[in-house]
Amino acid sequence: MTMPFYVAPEQQMKDRADYARKGIARGRSVVVLQYDDGILFVADNPSRALHKISEIYDRIAFAAVGKYNEFEQLRLAGVRYADVNGYMYDRSDVTARGLANAYAQSLGAIFTEQTKPYEVELVVAEVGEDADSDQIYRLTFDGSVADEHGFVAMGGAADAVATALKERYRDGESLAEAMQIAVHALQQQDADRVLEAEKLEVAVLDRNRDRRLFRRLPASRIDELLASSRGEASAEG
């Protein structure tokens, strides 16, 4: 007679967490930074069709790493959540905090109840009237939520990227400065890695725009910002 194989619940949770972490680490990193006029999102992502960064609502954006089909399901669910709540109540009632709580519940239930956890990590960000009122929430595969300030690095070699951000990031940077810091940090994933504008997906939540504050930056604009930042650094030197 074959005895049933028993695995302690603690070991099951650990195995699921390890599985999800390994899947997320196989991808490329995404960074999110506050700058003087809003929030910048930069992804190491050469694809023009499979976005890691997306608009959710008027002042809210979403960034993700991990398995595309899984975080795309979450993105679509977030858009529906925002549209329904904005329609039933008021557009101002749709907040990053509310969306982060909804995602936390979904990810937590998937992690504990389903056979396989989602291999995803998310950032939900909302730009405020000023930097102090910006909101950035980081969500991990098990539904844990962290309220972040300044910058976030996730996916790929996230520790190396985060270390590079910590060394260079300062509050109140211009968009060009923040862009340079983000690209330098993403290049720390590999030795001698150089990221051209065509290999980057970049978007901002710009507090100076009207109503819909999300916009994507084309490669030409990314090049301008990086050239501007290099010019400023040379002038200071």
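Report follows, based on the coordinates. (Residues numbered from 1 in each chain as written. Predicted model: local features only at pLDDT ≥ 70, side-chain atom pairs only at ≥ 80, totals over all residues. Heavy atoms only, no water.)

## With respect to the sheet that holds strand E2 (residues 38-44)
In step 1: Strand order in the open sheet formed by 5 strands is E8-E1-E2-E9-E10, and the pairing between neighbours is antiparallel. Unpaired on one side and paired on the other, strand E8 (151-154) and strand E10 (214-216) mark the two borders of the sheet. Strand-to-strand, the axes of this sheet are offset by a mean angle of 15 degrees, without reference to chain direction.
In step 2: When strand E9 (residues 200-206) meets E10, the two strands line up antiparallel, connected through 3 bridges. Residue pairing for E10: Leu-205 is matched across the bridge by Phe-214.
In step 3: Along the sheet face, helix H4 (residues 158-168) touches strand E1 (30-35) and E8 and points at about 160 degrees away from the line of E8. (Pairing = 2+ DSSP bridges. Helix = DSSP H or I, 4+ residues; strand = E, 2+ residues; numbered from the N terminus. Axes fitted to C-alpha atoms, helices over the stretch in contact; angles between N-to-C directions. Contact = heavy atoms within 4.5 Å.)

## Re the environment of Gln-105
In step 1: Within the secondary structure, Gln-105 sits in helix H3 (residues 96-113).
In step 2: Overall, Gln-105 belongs to the exposed group, its relative accessible area being 59%.
In step 3: On a C-alpha basis, the gap between Gln-105 and Tyr-89 in space is 21 Å, while along the polypeptide they are 16 residues apart. (Buried < 20%, exposed > 50% of the residue type's maximum accessible area, 1.4 Å probe, protein only.)

## Things to note about the sheet that holds strand E4 (residues 60-66)
In step 1: With antiparallel pairing, 5 strands are arranged side by side in an open sheet as E3-E4-E5-E6-E7. The strands lining the two open edges of the sheet, one partner per strand, are strand E3 (53-57) and strand E7 (145-148). On average, each strand axis in the sheet is tilted by 25 degrees relative to the strand beside it, whichever way the strands run.
In step 2: Inspection of the sheet shows strand E5 (residues 120-126) paired to strand E6 (residues 135-139) by 5 bridges, in the antiparallel sense. Counterpart to Val-123 in the pairing with E6 is Arg-138.
In step 3: Against the sheet, helix H2 (residues 68-88) contacts E3, E4 and E5, and its axis sits at roughly 20 degrees relative to E3.
In step 4: H3 contacts E3, E4, E5, E6 and E7 of the sheet and is inclined by roughly 5 degrees relative to E6.

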